[in-house]
Amino acid sequence: MTETMIYVLMALQHRDMFGKEIVDWVAEKTNRRVVLGPGTLYTILAKFESDGYIYETNREGRARTYTMTTRGTSALHNAIDNYKQIILDAQEVLKEN
């Protein structure tokens, strides 16, 4: 799972949001280090919806609000655990030099 995908799940773990809210939350959380374009965001949301990580809860005009499923929460925890292990491995390698 990519860093961008993790941030989208983190946003939805925080609360239910629609696309623009997710973009704004991620940009604020990362001090604009991660900026989501609409193509990237909606590709991620479609994948997460088909994987059962999120589902649409409301639609007002073009704004669709999404919420996280239990499966999505598990995926987020697994991704975070994987990144933690990558950091531990990297720290170990750096100590070797």
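Up top is the structure.
Structure report, in brief. Note that the structure is a prediction, hence the values are computed from the model and not measured.

**Overview of the packing of helix 2 (residues 19–29) against helix 3 (residues 38–51)**
Each pair of packed helices can be described by the angle between their axes along with the distance between the axes.
Next up, step 1: Relative to each other, helix 2 and helix 3 sit at 110°, their axes nearing to 11 Å. When the axes of helix 2 and helix 3 are compared, the pair comes out roughly perpendicular. Judged by the sense of rotation from one axis to the other, the crossing of helix 2 with helix 3 is right-handed. In contact with Gly19, Ile22 and Val23 of helix 2, helix 3 contributes Leu41, Tyr42 and Leu45.
Next up, step 2: Broken down by class, the residue content of the contact of helix 2 with helix 3 amounts to five nonpolar, one polar and no charged.

**As for helix 1 (residues 3–14)**
Next up, step 1: Here helix 1 spans 16 Å end to end across twelve residues, near enough to the 16 Å set by a 1.5 Å rise per residue.
Next up, step 2: Within the span of helix 1, buried status applies to Met5, Ile6, Tyr7, Val8, Leu9, Ala11 and Leu12.
Next up, step 3: In this fold, the buried residues of helix 1 make contact with strand 1 (17–18), helix 2, helix 3, strand 2 (54–60), strand 3 (63–68) and helix 4 (70–96).

**Regarding the packing of helix 1 against helix 4**
Next up, step 1: One way to put it is that helix 1 packs onto helix 4 with a least axis distance of 10 Å and a crossing angle of 135°. What the angle tells us is that helix 1 and helix 4 run oblique. Relative to helix 4, the crossing made by helix 1 is left-handed. Note on element contacts: helix 4 touches helix 1 through Gly72, Thr73, Ala75, Leu76, Ala79 and Tyr83, opposite Glu3, Ile6, Leu9, Met10 and Gln13.
Next up, step 2: Looking at the contact of helix 1 with helix 4, its residues break down into seven nonpolar, three polar and one charged.

Each value, and the rule that gives it
- Residues numbered from 1 in each chain as written.
- Predicted model: local features only at pLDDT ≥ 70, side-chain atom pairs only at ≥ 80, totals over all residues.
- Heavy atoms only, no water.
- Axes fitted to C-alpha atoms, helices over the stretch in contact; angles between N-to-C directions.
- Helix = DSSP H or I, 4+ residues; strand = E, 2+ residues; numbered from the N terminus.
- Parallel < 35°, antiparallel > 145°, perpendicular 65-115°, else oblique.
- Left-handed = near helix turned anticlockwise from the far one by under 90°.
- Contact = heavy atoms within 4.5 Å.
- Nonpolar A, V, L, I, M, F, W, Y, C, P; charged D, E, K, R; others polar.
- Expected span 1.5 Å × (residues − 1).
- Buried < 20%, exposed > 50% of the residue type's maximum accessible area, 1.4 Å probe, protein only.

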